[in-house]
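# Descriptive structure summary
Each chain, written out:
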Amino acid sequence: MFQPVAIAPSILSADFMNLGRDIRMIEQAGAGYVHVDVMDGHFVPNLTMGVPVVKQLAKLANIPLDVHLMIDNPLDELPWFLEAGADIACVHAEVLYGDELRRAVDMIHDAGAKAAVALKPHTPPEVLEEVIARLDMVLVMSVEPGFSGQSYIEGSEEKVAAVAEMARAVGNDALLIEVDGGVSEATVERLTAAGADVLVCGSAVFGAQDPAAALAAVKEKGDAARVAAIEDARAEEALAEEEM
Ligand SMILES: O=C(CO)[C@@H](O)[C@H](O)COP(=O)(O)O
Ligand SMILES: [Fe+2]
């Protein structure tokens, strides 16, 4: 069944002096989420925003806050971000060892939020094996985390397809796959055709002359590629039945 894709504009690329105005603009343009890039200067070489800003964003936004925690110590800081109003809390698999990934997912669910795990470009999806059945979202990074405005790493859509296959294998049909980094009109089609549900857009939206039109254009292309992928799959099924 066709499910429209959701656009999650990254507030990191918005005008920090006018966050309320920019949030209203993306809401009116049809954004599904506000993507919030929290960077601690350790896990990534950039420092962005912390708990007080997330708290204010939660007050301003009428759509869910998707909080991408690029931090070294998510188990210590998760309670603060959950309390601040993260609707989706996304931790990086690379900093969670042993049973810590499972504990992070439990902590997020116990707070009533949705649990997401992010994978850097070189992290294989197999690290999700123990938790994928219980996850609400997987974030596939298609650039090295740290900065907006980077170029999409070619082939990232293959990881999206691999995550979609893993989710199918464990029966997690509700899992959302989000892609983050270099998503634009030029890259969205291959991503949604591979199974991406949520597209983070930083520079492609806020760097455009008309951000609302840019958001709508990425969404339209993503939805169209999704419809085409469903039709292709149906045609293949019908052909296979005929041949039987
Ligand atoms: O998490 C990150 C970068 O680490 C992203 O959310 C970027 O901020 C997205 O920006 P664009 O690549 O779309 O410009
Ligand atoms: Fe992000």
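Residues numbered from 1 in each chain as written. Chains lettered and ligands numbered in written order. Predicted model: local features only at pLDDT ≥ 70, side-chain atom pairs only at ≥ 80, totals over all residues.

The name given to the protein chain in an unreviewed UniProt entry is Ribulose-phosphate 3-epimerase, with the source organism recorded as Ellagibacter isourolithinifaciens. The heading Catalytic activity (unreviewed entry) in the UniProt record of the protein chain holds the text "D-ribulose 5-phosphate = D-xylulose 5-phosphate". The annotation that UniProt attaches to the protein chain under Function (unreviewed entry) is "Catalyzes the reversible epimerization of D-ribulose 5-phosphate to D-xylulose 5-phosphate." (UniProt positions renumbered as here; feature names shortened; annotations may be inferred.)

## Regarding the overall build of the protein chain
For the protein chain, the count of helices and strands is eight helices and eight strands. Taking 244 residues into account, the globule formula puts the C-alpha radius of gyration at 18 Å, and the protein chain, at 18 Å, falls close to it. C-alpha atoms of the protein chain, sized along the principal axes, occupy 60 × 45 × 30 Å. Across the 244 residues of the protein chain, 44% fall into the buried class. Residue pairs in contact within the protein chain that sit at least 24 positions apart in sequence constitute 66% of those at least 6 positions apart. (Helix = DSSP H or I, 4+ residues; strand = E, 2+ residues; numbered from the N terminus. Rg over C-alpha atoms; globule rule 2.2 N^0.38 Å. Buried ≥ 20, exposed ≤ 12 C-beta atoms within 10 Å, placed from the backbone. Contact = placed C-beta atoms within 7 Å.)

## With respect to the site of ligand 1
Lining the immediate surroundings of ligand 1 are 22 residues, of which S10, P145, S148, G202 and S203 lie closest. Looking at the shell around ligand 1, the elements that each hand over two or more residues are β2 (34-39), β8 (198-201) and α7 (203-206). Here the shell around ligand 1 is composed, by residue class, of eight nonpolar, 12 polar and two charged. (Near = placed C-beta within 6 Å. Nonpolar A, V, L, I, M, F, W, Y, C, P; charged D, E, K, R; others polar.)

## A closer look at the sheet that holds strand β5 (residues 114-119)
With parallel pairing, eight strands are arranged side by side in an open sheet as β1-β8-β7-β6-β5-β4-β3-β2. The strands lining the two open edges of the sheet, one partner per strand, are β1 (6-9) and β2. For this sheet the average axis-to-axis angle between neighbouring strands, irrespective of direction, equals 25°. Here strand β6 (residues 137-141) pairs with strand β7 (residues 176-180) via five bridges, running parallel. Note on β7: the bridge partner recorded for M137 is L176. (Pairing = 2+ DSSP bridges. Axes fitted to C-alpha atoms, helices over the stretch in contact; angles between N-to-C directions.)

## Some remarks on the UniProt feature "active site" (unreviewed entry) in the protein chain
Within the UniProt annotation, "active site" (unreviewed entry) is assigned to D37 and D180. A maximum C-alpha distance of 10.5 Å among these annotated residues, which run over 144 residues, shows that they cluster at one spot. Its 24 C-beta neighbours within 10 Å are what place D37 among the buried residues. Every residue in contact with D37, bar those within four places of it in the chain, is listed here: S10, L12, T48, H68 and M70. Classification of D180 as buried rests on a count of 26 C-beta atoms within 10 Å.

## Notes on the nonpolar core
If you look at the biggest cluster of nonpolar residues, it comprises 75 residues, and the most contacted ones within it are V67, A89, C90, A116, V117, V138 and L199. Broken down by element, this core gets its largest block of residues, five residues, from β6. Those residues in contact with V67 that sit more than four places away from it in its chain are V36, V38, V54, F81, A86, I88, A89 and C90. (Core = buried A, V, L, I, M, F, W, Y, C linked by C-beta atoms within 7 Å.)

## A short note on the UniProt feature "binding site: a divalent metal cation" (unreviewed entry) in the protein chain
UniProt's entry tags H35, D37, H68 and D180 with the feature "binding site: a divalent metal cation" (unreviewed entry), counted in the numbering of this structure. In summary, the annotated positions, though distributed over 146 residues, converge in three dimensions, the widest C-alpha pair being only 10.5 Å. For H35, the location among the structural elements is in strand β2. Among the residues examined, H35 registers 28 C-beta atoms within 10 Å and is labelled buried.

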